[in-house]
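Fold and contact review
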Amino acid sequence: MLTIVQIMDRLLQDYFTPEDIAEYKKLLEKNSASKKPFKTSLNKPTQNQLDSKIAPTQNYHSSMNFLISYAEKKLKGHKLVEFIEYLGDISISQGELGTAEEIYMHVLNMIKDDAQYRTVAAYSYLALGDIFSRQAAWEKSIEAVYKAKKLFRQLKDNKGMFKCENLLGTIAGDRGDLNGSNKHFEKAFSYLRSKKDAPLVGMLEVNLGIVNSIKGNYDAAFTFYQRALIKFEQIQDFRRITEVRHNLGMMMTERGEYRAALSEFDLSIDSALKAGYLPTLSLSYLGKAFIYTQLEDYPLASAFADKAMEICFKLNDRLSIADIYKIKGVIERRVKNYKGAENYLLSSLRINEELENVLNEAESSYELGVLYAEQGRKEEARKYLQSAFDYYKKQDAIAMVRRIQELLHVVTKK
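Procedures and definitions
- Residues numbered from 1 in each chain as written.
- Predicted model: local features only at pLDDT ≥ 70, side-chain atom pairs only at ≥ 80, totals over all residues.
- Heavy atoms only, no water.
- Helix = DSSP H or I, 4+ residues; strand = E, 2+ residues; numbered from the N terminus.
- Buried < 20%, exposed > 50% of the residue type's maximum accessible area, 1.4 Å probe, protein only.
- Contact = heavy atoms within 4.5 Å.
- Areas by Shrake-Rupley, 256 points an atom, 1.4 Å probe, with all protein chains shown as cover.
- Axes fitted to C-alpha atoms, helices over the stretch in contact; angles between N-to-C directions.
- Parallel < 35°, antiparallel > 145°, perpendicular 65-115°, else oblique.
- Left-handed = near helix turned anticlockwise from the far one by under 90°.
- Nonpolar A, V, L, I, M, F, W, Y, C, P; charged D, E, K, R; others polar.
- Core = buried A, V, L, I, M, F, W, Y, C linked by side-chain atoms within 4.5 Å.
- Arc of directions from axis to C-beta.
- Phe/Tyr/Trp six-rings, centres within 6.5 Å; stacked < 30°, edge-to-face > 60°.
- Salt bridge = Lys/Arg side-chain N within 4 Å of Asp/Glu carboxyl O.
- pLDDT = per-residue confidence, 0-100.
- Expected span 1.5 Å × (residues − 1).

**A short note on the overall build of the protein**
The number of helices and strands found in the protein is 21 helices and 0 strands. Within the span of the protein, comprising 414 residues, buried residues form 53% of the whole. Partitioning the intrachain contacts of the protein with sequence separation of at least 6 by distance along the chain shows that 59% fall at a separation of at least 24. Accessible surface for the protein amounts to roughly 19,500 Å². Of this, 50% is attributable to carbon and sulfur atoms.

Structural data, given as structure tokens:
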């Protein structure tokens, strides 16, 4: 994985003289993680994934503060603002969301209401909306996005408006509101003046792929993902490639094509490690944990779940932490540790309820229903399965509706 030092080296070369860089680097503390790796007789690529180091966070915040102060002495005007914005973007990719939030708030404080920086202000609010959405702070996220929309509308910036609607669609999807998500994506499409804008079209295709995958429209989802992948590979956007590969892995997992899914997750992880992009890395580790659970390789499933947890705690990604608890609950159910399974799944459900994520609530409820059915606890099983059924039926998720109907029928017959 690219270290923060390597990432910063590339950026510093664009803004500072060699002498300035040498001066700064003397003050940049270097740290390395020391987590004991998971050891077993795995193939080398798998072992490398589990051995990958996640940079510690304790010095990141102070290092960024120092660098901003240093830049303010060396750079002026638009160049300074642009440099600090890049630091915010890097902080998001490193999972340092608290620092990223401070950086973008600092940018907004720097430019205040200066009309010449309205575009900067709009993109800063959009970045804050992205940061808050990653932390499941939905209301704060939506508020920031609407501030960005107001500025983009004044600027007649259709690309900015597209990104706002696309993010609002993603937020709605993350909260399980697939119909609302589709409406925002349709609105985003209306701001595309040219279908030749590959990055924007690709972003929309990825999101449409996600929605179709959740609904069980796998052929349509696959087509959207492949179209997006071609676009991102042509422009070598490795962050987006990482995300598409992960989503393909998720879709193939839903279809039960586990070997193909593992290949996609491996491609996503490889790309994420090379780019130093943590948010999707954690999700692909989690995807592999789920698959190894299905393949009944529980030690490996636990190892990947723990690796995902390590990153998610760093990211303060409570949505994914809830997913990890769900996976751990499934693992414990499979090894007949029903008490542990129940604790993990109830924890997952509680977090999802707190975050108002109805899709993940349904997933956790389904797993609780399966657990209770296996234990012969019929009333509890029916309660949670019915809750999951109601959600999936509302979203027209045909595959899950049929699966739950079959299980409800079995539970009712017992």
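**Some thoughts on the packing of helix α12 (residues 218-234) against helix α13 (residues 238-254)**
Angle between the axes and distance between the axes are the two parameters that describe a pair of packed helices. Close contact between α12 and α13 brings their axes to 9 Å; oriented N to C, the two are set at 160°. Judged by the inter-axis angle, α12 sits roughly antiparallel to α13. Handedness of the α12/α13 crossing: left-handed. Across the interface between the two elements, Tyr218, Ala221, Phe222, Tyr225, Gln226, Ala228, Leu229, Phe232 and Glu233 from α12 touch Arg240, Ile241, Val244, Arg245, Asn247, Leu248, Met251, Met252 and Glu254 from α13. Its residues placed into classes, the contact of α12 with α13 shows 12 nonpolar, 2 polar and 4 charged.

**Structural notes on the nonpolar core**
Of all hydrophobic cores here, the largest spans 103 residues; its most connected members are Phe16, Phe83 and Leu87. With 10 residues, helix α16 (residues 298-315) is the largest single contributor of residues to this core. Look past the residues within four positions of Phe83 in its chain and what remains in contact with it is Leu11, Leu12, Tyr15, Phe16, Leu67, Ala71 and Leu75. Ranked by size, the runner-up nonpolar core spans 25 residues in total, among them Ala341, Leu359, Ala362 and Val411.

**Some words on helix α2 (residues 18-25)**
When we look at burial in α2, the residues that qualify are Asp20, Ile21 and Tyr24. Considered in projection along α2, the buried side chains sweep an arc of 100° and stay on one side of the axis. Those residues of α2 that are exposed and aimed more than 90 degrees away from the buried face are Pro18 and Glu19.

**Focus on the packing of aromatic side chains**
Applying the stated criterion across every chain, the model contains 10 aromatic pairs. A centroid spacing of 5.8 Å and a plane angle of 35° characterise the contact between Tyr372 and Tyr384, whose relative ring orientation is tilted. Separated by 12 residues along the polypeptide, Tyr372 in helix α19 (residues 358-375) and Tyr384 in helix α20 (residues 378-394) bring together distant segments of the chain. Both residues of the pair, Tyr372 and Tyr384, belong to the buried class.

**Topic: the pattern of salt bridges**
Across all of its chains, the model carries 28 salt bridges by this definition. For Glu143, the salt bridge is made with Lys147, and the minimal N-O distance between the two is 3.9 Å. Taken together, the residues span about one helical turn, with Glu143 and Lys147 both in helix α8 (residues 138-155) at a distance of 4 residues. Accessibility expressed as a relative area gives 38% for Lys147, which makes it partly exposed. For Lys307, the salt bridge identified is with Glu310, shortest N-O distance 3.5 Å.

**Focus on the environment of Glu23**
Its location among the elements puts Glu23 in helix α2. Exposure remark for Glu23: the relative accessible area of 39% places this residue in the partly exposed category. In this structure, Glu23 is in contact with Tyr70 and Lys74, ignoring residues within four places of it in sequence.

**A short note on the side chain of Arg333**
In this structure, Arg333 sits in helix α17 (residues 318-334). Among all residues touching Arg333, those that are not within four sequence positions of it are Tyr338, Ala341, Glu367, Val370, Leu371 and Glu374.

**Quick word on the confidence of the model for the protein**
Overall, the predicted model of the protein reaches an average pLDDT of 87, with 90% of residues at or above 70. Element-level mean pLDDT values for the protein span from 66 in helix α3 (residues 44-51) up to 96 in α8. Below pLDDT 50 for its whole length, residues 29-41 participates in 20 contacts with residues either more than four positions away or in separate chains.

**Quick word on unusual backbone geometry**
Even without being glycine, Lys156 reaches a positive phi, approximately 55°. Looking at the secondary structure, you find Lys156 in the loop between α8 and α9 (158-174). A relative accessible area of 75% places Lys156 in the exposed class. Positive phi, close to 65°, is recorded for Glu296, a residue that is not glycine. Inspection of the secondary structure assignment puts Glu296 in the loop between α15 (278-294) and α16. The class of Glu296 is exposed, set by a relative accessible area of 57%.

**A word on the packing of α9 against helix α11 (residues 198-214)**
Viewed as axis vectors pointing N to C, α9 and α11 meet at an angle of 15°, and their least axial separation amounts to 11 Å. Taken together, the axis directions place α9 and α11 in an arrangement best described as roughly parallel. As α9 runs across α11, the sense of the crossing is left-handed. Contact with α9, carried on its side by Lys159, Phe162, Lys163, Asn166 and Thr170, involves Leu200, Met203, Leu204 and Asn207 of α11 and no other residues of that element. Of the residues belonging to the contact of α9 with α11, the class tally is 4 nonpolar, 3 polar and 2 charged.

**Observations concerning α11**
With 17 residues, α11 ought to run about 24 Å at 1.5 Å a step, and its terminal C-alpha atoms sit 24 Å apart, in line with that. With 13 of 17 residues buried, α11 is to be regarded as a mostly interior element. One or two positions beyond α11, positive phi appears at Gly216, with a value near 85°.

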